[in-house]
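The primary structure of each chain is shown beneath.
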Amino acid sequence: MLNSKAPSPPQSAHCLMTDVGVSTLNSQHLRLASYAMEFNQLVEELTTREMNQKDWKQVDALFSRIMLFVAVHFKDEEEMMREQGFPGFSRHKKLHDKFTSEMAGVQSQINNRKVSFSGKLSNLLWDFLYVHINEEDAQYGEFYRQKGVG
Ligand SMILES: [Fe+2]
Ligand SMILES: [Fe+2]
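Chemist: So what about the overall build of the protein chain? Which residues, and what values?
Modeler: The secondary structure content of the protein chain amounts to four helices and zero strands. Helices and strands in the protein chain line up, N terminus first, as α-α-α-α. The C-alpha radius of gyration of the protein chain comes to 16 Å, within 12% of the 15 Å expected for a compact globule of 150 residues. Reported as C-alpha extents along the three principal axes, the dimensions of the protein chain are approximately 55 × 25 × 25 Å. Among the 150 residues that make up the protein chain, the fraction classed as buried is 18%. The contacts of the protein chain with a sequence gap of at least 6 include a subset with a gap of at least 24, amounting to 76%.

Chemist: Tell me what's going on with the nonpolar core, and back it up with residues and numbers.
Modeler: Grouped together as the largest cluster of nonpolar side chains are 11 residues: L32, A33, A36, F39, V43, V70, L125, W126, L129, Y130 and I133. Those elements giving two or more residues to this core turn out to be α1 (23-46) and α4 (119-147). With residues near it in sequence (within four places) discarded, L32 still touches F69, V70, H73 and L129. Core analysis: the second largest hydrophobic core is formed by five residues, V20, V22, F86 and Y140 among them.

Chemist: Break down the packing of helix α2 (residues 53-84) against helix α3 (residues 89-111) for me, with residues and values.
Modeler: Any two packed helices are characterised by the angle at which their axes cross and by the distance between the axes. Axis separation between α2 and α3 bottoms out at 11 Å; the angle between their running directions is 170 degrees. As the angle between them shows, α2 and α3 are arranged roughly antiparallel. Note on element contacts: α3 touches α2 through F89, H92, K93, H96, T100, M103, Q107 and I110, opposite V59, D60, F63, M67, V70, F74, E78, M81 and R82. When its residues are assigned to classes, the contact of α2 with α3 shows nine nonpolar, four polar and four charged.

Chemist: I'd like to hear about the environment of E102, residue by residue, with values.
Modeler: Secondary-structure assignment places E102 in helix α3. Given 13 C-beta atoms within 10 Å, E102 falls into the partly exposed group. Separated by 22 residues in sequence, E102 and L124 place their C-alpha atoms 9.3 Å apart.

Chemist: Give a description of α2 that names residues and reports values.
Modeler: Across its 32 residues, α2 extends 47 Å between first and last C-alpha, which sits within 8% of the 46 Å expected from 1.5 Å per residue. Those residues of α2 that fall on the buried side of the exposure criterion are F63, V70, E77 and M81. One or two positions beyond α2, positive phi appears at G85, with a value near 65 degrees.

Chemist: I'd like a rundown of the packing of α1 against α2, residues and numbers included.
Modeler: Relative orientation of the contacting elements α1 and α2 amounts to 160 degrees, with a least axis distance of 10 Å. Classified by the angle their axes make, α1 and α2 are roughly antiparallel. Relative to α2, α1 is oriented so that their crossing is left-handed. Residues T24, L25, Q28, R31, L32, Y35, E38, F39, L42 and L46 of α1 form the contact with α2, whose participating residues are D55, Q58, V59, L62, I66, F69, V70, H73, D76 and E77. A breakdown of the residues in the contact of α1 with α2 according to their chemical character gives 11 nonpolar, four polar and five charged.

Thresholds, definitions, all that
- Residues numbered from 1 in each chain as written.
- Chains lettered and ligands numbered in written order.
- Predicted model: local features only at pLDDT ≥ 70, side-chain atom pairs only at ≥ 80, totals over all residues.
- Helix = DSSP H or I, 4+ residues; strand = E, 2+ residues; numbered from the N terminus.
- Rg over C-alpha atoms; globule rule 2.2 N^0.38 Å.
- Buried ≥ 20, exposed ≤ 12 C-beta atoms within 10 Å, placed from the backbone.
- Contact = placed C-beta atoms within 7 Å.
- Core = buried A, V, L, I, M, F, W, Y, C linked by C-beta atoms within 7 Å.
- Axes fitted to C-alpha atoms, helices over the stretch in contact; angles between N-to-C directions.
- Parallel < 35°, antiparallel > 145°, perpendicular 65-115°, else oblique.
- Nonpolar A, V, L, I, M, F, W, Y, C, P; charged D, E, K, R; others polar.
- Expected span 1.5 Å × (residues − 1).
- Left-handed = near helix turned anticlockwise from the far one by under 90°.

Here's what the structure looks like:
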């Protein structure tokens, strides 16, 4: 976890995620955090042994589930930002797009069975979420609060 701003994933992420003032988005953040923890645990487990067919299936299933939910979440956030005229929209969308393409890169490594389950990979999701939610999503949260949206 070199150069990581995020602390280690805890048992519950509730207290570590900024309240963005929109309940559906807050629950999506918690669900993403729990996926990140599940992913961390799985990767850590897999670093200790040779991967078998069943392990790969588990990785495929979890990673696809995460990718799908990330897409849903980003779409929901972006729709609301656009509707509410959030001034940081295009910058924010770029960050979403960059992360999505990073994730797609990892997914293709997984599909090709050419992925190294290192600490770097296990922290990819959690590090992004922690910093993104608390530093970027927090900004639209503040904007909506000032506008009285929520
Ligand atoms: Fe978010
Ligand atoms: Fe976001």
